Structure formats: C-alpha cells, structure tokens
Amino acid sequence: MFVIDSTLISDDLIERHFVCDLAVCKGQCCIDGDAGAPLLEEEKIAIEENLDKILPLLTPGGRKAVEEEGVAYLDKDEDLVTTLIEGQNCAFTTFTEDGTCLCALEKGYREGLLPDLKPSSCSLYPVRLSKLGNMTALNLHRWKICSCAEKNGRRLKIPAYIFLKNSLIKKFGQAWFDQLDLTAKEWLKYRGDKTQ
C-alpha cells in the first residue's frame, strides 16, 4: 500500500497491467453483476438534470426502466446504484450493431450531446474506492470477464494506473496523479519493474 494525501493505494494499481479490450469482452461489465453501478448522490442529481437529453439515447428497455423506476435505487447493501433493466444490465447501456455494449452516458458525451455524466465508479473501473476512516482506499478489482483487459495491458505494457490516468486526475487532481506516477516509477525501479 502507498499513501498519498488521504488515499491508500493498492500495489496492484501500479504492478498490474490493464487496458479494456472491448473487441473481446463486448462491454460485459455493464451487463453482468448483481446490482447497478455505484453512484454518488451528486452524480444521480446530474443525470436527473439531463434526463431529457439522455432518454433518447437509451434502448427502449432502458428508457422504460428509468421512466418507471428513476435513474437509481438502493441495493441490498443500501448503496445508491444505477437502475437495471429487469434486474440485468444497466439501464444506461446501449449496443452497437455487433452487440458490443456501450455506456449511453459516455457515448452522448463523446458525441457532444451531454456533459460528462459517466459515474466515477465506471470510469475508474477496475479501481474500487472504499472509505477507511478519513482515508479513501483504492483497490484493483479482479473479475473473470476482465481477464482479456489484463492480457491486453500486459501485451501493451500499460499499468492500470496509466490506463486510468484521466479518470484518476478527474477524481483526485493532477498533483495527486503526478505524485502517484513518481511513486510508481520509483517503486517499479526498486522492484526491478516486476509488473504483472
């Protein structure tokens, strides 16, 4: 573990490789799981404020789920998460012609139709954040469906923290990321660059 400001960072974030490989996984992370994507209250409010622009981007099932149930609900652990379509994929999923699942919120942002509304839990994945007292812990979540991303990251020699650079900067700031990058480089040099 590394400490930067009020964050505890798992070694895995530096030592493991990760680069999403949509051509292989087809965006399965938006479909599999037992709940929607974790949401912050302010993220829920921002999605609700832009709902008129979001609804046309959703699948018919996603639109129906959001109109009937709202954009989020409390899961069994009482965490705020995105609404699901009939208990399965996230209501904010959309699909390409080849069946690849994409986030409608991210797609809308990339097309200039929406502000950046993608939940931080999604944009930071595979990092999961948790609170430990007044500290925020960053741990790398490992999931079988993302084994292709780990393989792709190893092939490209890109550590997880580099893949997530923009999302980490958005969440924690440039100065924090610069400190993480310096720490990572020193740590890997010390270990002989034993990344996995």
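Keep in mind the model is a prediction, meaning the values are calculated, not measured.

**Student:** Would you take a moment to explain the overall build of the chain for this structure?
**Tutor:** If you tally the helices and strands in the chain, you get 11 helices and eight strands. Here the C-alpha radius of gyration of the chain, 17 Å, is about what a compact globule of 196 residues would show, namely 16 Å. Its C-alpha atoms give the chain principal-axis dimensions of about 55 × 40 × 35 Å. The buried share of the chain, taken over its 196 residues, is 43%.

**Student:** What exactly am I supposed to notice about the pairing of strand β7 (residues 127–132) here?
**Tutor:** A regular strand places its side chains on the two faces of the sheet in alternate fashion. Two elements, β7 and strand β8 (residues 135–140), share six bridges in a ladder whose sense is antiparallel. When the sheet's bridge partners are listed, Val-127 is paired in β8 with Leu-140. What sits between the antiparallel neighbours β7 and β8 is a turn of two residues, in which Gly-133 has the positive phi angle 65 degrees.

**Student:** Help me understand the environment of Arg-110 in this model?
**Tutor:** Inspection of the secondary structure assignment puts Arg-110 in helix α6 (residues 104–110). Taking C-alpha positions, Arg-110 is 21 Å from Pro-126, a pair spaced 16 residues apart along the chain.

**Student:** What am I meant to see in the side chain of Glu-43 here?
**Tutor:** Within the fold, Glu-43 resides in helix α3 (residues 41–49). Notably, Glu-43 is buried but unbridged: the nearest opposite-charge side chain belongs to Lys-171, and the N-O separation is 6.0 Å. Here the side chain of Glu-43 touches Leu-40 through a polar contact of 2.9 Å, landing on its backbone nitrogen. In this structure, Glu-43 is in contact with Pro-38, Pro-119 and Ser-120, ignoring residues within four places of it in sequence.

**Student:** How should the sheet that holds strand β1 (residues 2–4) be read in this particular structure?
**Tutor:** Backbone-to-backbone hydrogen bonds pair the strands of a sheet. The strands run either parallel or antiparallel. Read from one edge to the other, the open sheet built from four strands follows the order β1-β2-β8-β7, with strand pairing classed as mixed. Two strands bound the open sheet, and with one partner strand each, they are β1 and β7. This sheet shows a mean twist of 25 degrees between the axes of neighbouring strands, independent of strand direction. Relative to β8, strand β2 (residues 7–9) is paired through three bridges, and the arrangement is parallel. By the bridge assignment for β8, Thr-7 is matched with Thr-136.

**Student:** What am I meant to see in unusual backbone geometry here?
**Tutor:** Apart from glycine, the bulk of residues carry a negative phi angle, and the bulk of peptide bonds sit in the trans form. Pro-126 follows Tyr-125 through a cis peptide bond whose omega is 20 degrees. Within the secondary structure, Pro-126 is located in the loop between α7 (120–123) and β7. The residue Glu-78 is not glycine, and still its phi comes out positive at about 65 degrees. As for its placement among the helices and strands, Glu-78 is situated in the loop between β3 (72–74) and β4 (80–82). Positioned with a positive phi, Lys-157 is a non-glycine residue whose angle comes to about 60 degrees. With respect to the helices and strands, Lys-157 occurs in the loop between α8 (147–156) and α9 (160–163).

Procedures and definitions
Residues numbered from 1 in each chain as written. Predicted model: local features only at pLDDT ≥ 70, side-chain atom pairs only at ≥ 80, totals over all residues. Heavy atoms only, no water. Helix = DSSP H or I, 4+ residues; strand = E, 2+ residues; numbered from the N terminus. Rg over C-alpha atoms; globule rule 2.2 N^0.38 Å. Buried < 20%, exposed > 50% of the residue type's maximum accessible area, 1.4 Å probe, protein only. Pairing = 2+ DSSP bridges. Lys, Arg positive; Asp, Glu negative; His and termini not counted. Salt bridge = Lys/Arg side-chain N within 4 Å of Asp/Glu carboxyl O. Polar contact = N/O pair within 3.5 Å; in protein donor to acceptor, adjacent residues only side chain to side chain. Contact = heavy atoms within 4.5 Å. Axes fitted to C-alpha atoms, helices over the stretch in contact; angles between N-to-C directions.

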